[in-house]
Amino acid sequence: MIALDLDNTLLTSESTLSPRTLAALREATARGVLIVFASGRMVEAMRDLAEEIPVNAPLIAFNGALAWDLKAERAVARFPLACEDAKAICRMAEERALHIQAYPDGGYFYERENEFSRYYEEKIHHAGKALGIRMSEFITTDVNKLLIVAPEETCSEMIPEFQRAFEGKASFFRSRPVYIEIVHPSVNKGRALEALARALNVPREQVIAFGDEDNDLPMLEYAGVGYAMENAKPEVKARADRIAPHFAQDGVAQVIEELIRKGEMDW
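Figured I'd write up the structure that's included with this text.

Each value, and the rule that gives it
- Residues numbered from 1 in each chain as written.
- Predicted model: local features only at pLDDT ≥ 70, side-chain atom pairs only at ≥ 80, totals over all residues.
- Heavy atoms only, no water.
- Helix = DSSP H or I, 4+ residues; strand = E, 2+ residues; numbered from the N terminus.
- Polar contact = N/O pair within 3.5 Å; in protein donor to acceptor, adjacent residues only side chain to side chain.
- Contact = heavy atoms within 4.5 Å.
- Pairing = 2+ DSSP bridges.
- Axes fitted to C-alpha atoms, helices over the stretch in contact; angles between N-to-C directions.
- Buried < 20%, exposed > 50% of the residue type's maximum accessible area, 1.4 Å probe, protein only.
- Salt bridge = Lys/Arg side-chain N within 4 Å of Asp/Glu carboxyl O.

## Thoughts on the side chain of N63
Line of reasoning, step 1. Residue placement: N63 occurs in the loop between strand 3 (59-61) and strand 4 (66-69).
Line of reasoning, step 2. A polar contact of 2.6 Å, which involves the side chain of N63, links it to the side chain of N215.
Line of reasoning, step 3. Apart from residues no more than four positions distant in its own chain, N63 is found in contact with S39, G40, F173, E181, V187, N188, K189 and N215.

So this is what it looks like as structure tokens:
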């Protein structure tokens, strides 16, 4: 099984799959390897990419808050953020004039369009919906995740403040320098990957994972071999088993090609 973060790991800077990467992933699946996308993105923002290969295992969405089977169109597992906690987090963000987005089942929503909503939409190639009301008013049920998009320095300042205010109720971490991901405290990519590997009878030592950010660390540490990209944060690289070439150089594809040449993907 190969578990893959998307942004700044598998995808190009235009958020697409390069021809070389597509060829490597298709060759891996032809050899019986399971391909798992593991991202902070929602299912809708991964579906087209997954179908290009096509992937042959469930998607891990929202940093592990949801595992989704594309073939059966059903949730394999879901660990949402409680409604009242989500509303309170939104209120705190609104008091600080931060752009915050909510992800219930299906789509994503925010108060009004701005530079942050446009930046995010450009990165994932999937439009959200501006509601004209505050997210703290919009949320009436549990949500899969919340996301703050803000300048990098602001994210650095805000994460500790939010963590103190909602200790034990939510987790706050980065998936990009300008994103603060917010999920249930039990959620991470590593736990979701472990659950999928067990359900699909894949031994831990036969799991490989690739990532570049803090939210990828639990996944890299669970895998039998965890690869940090050359462009990853220093602390992520320090805790990974191995380093893959830069994402802009098709680093994931290079590693898969080498493993195939060595006969390590013949199952």
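## Overview of the sheet that holds strand 5 (residues 74-78)
Line of reasoning, step 1. Spatially, 3-4-5 is the arrangement adopted by the three strands of the open sheet, whose pairing is antiparallel. Edge positions in the open sheet fall to strand 3 and strand 5, since each of these has one partner strand only. Averaged over all pairs of adjacent strands, the angle between their axes in this sheet comes to 25°, without regard to strand direction.

## What about the environment of Q206?
Line of reasoning, step 1. Here Q206 shows up in the loop between helix 8 (189-199) and strand 12 (208-211).
Line of reasoning, step 2. Judged by relative accessible area, which is 31%, Q206 ranks as partly exposed.
Line of reasoning, step 3. Expressed as a C-alpha distance, the spacing of Q206 and M1, which sit 205 residues apart in the sequence, is 6.4 Å.

## Section: the pattern of salt bridges
Line of reasoning, step 1. Tallied over the entire structure, the rule returns 21 salt bridges.
Line of reasoning, step 2. Residue E27 pairs with R31 through a salt bridge whose shortest N-O separation is 2.7 Å.
Line of reasoning, step 3. With a relative accessible area of 34%, E27 lands in the partly exposed category.
Line of reasoning, step 4. When the shortest N-O distance is used, the salt bridge between R198 and E194 registers 2.8 Å. Of this pair, R198 and E194 both sit in helix 8, four residues apart, which is roughly one turn of the helix.

## Topic: the pairing of strand 9 (residues 145-149)
Line of reasoning, step 1. With respect to burial, strand 9 is a largely interior element, five of its five residues being buried.
Line of reasoning, step 2. Burial of the side chains of strand 9 extends over both faces: K145, L147 and V149 are buried on one face and L146 and I148 on the other.
Line of reasoning, step 3. The pairing of strand 6 (residues 99-103) with strand 9 spans five bridges and is antiparallel. Along strand 9, the bridge assignment pairs H99 with V149.

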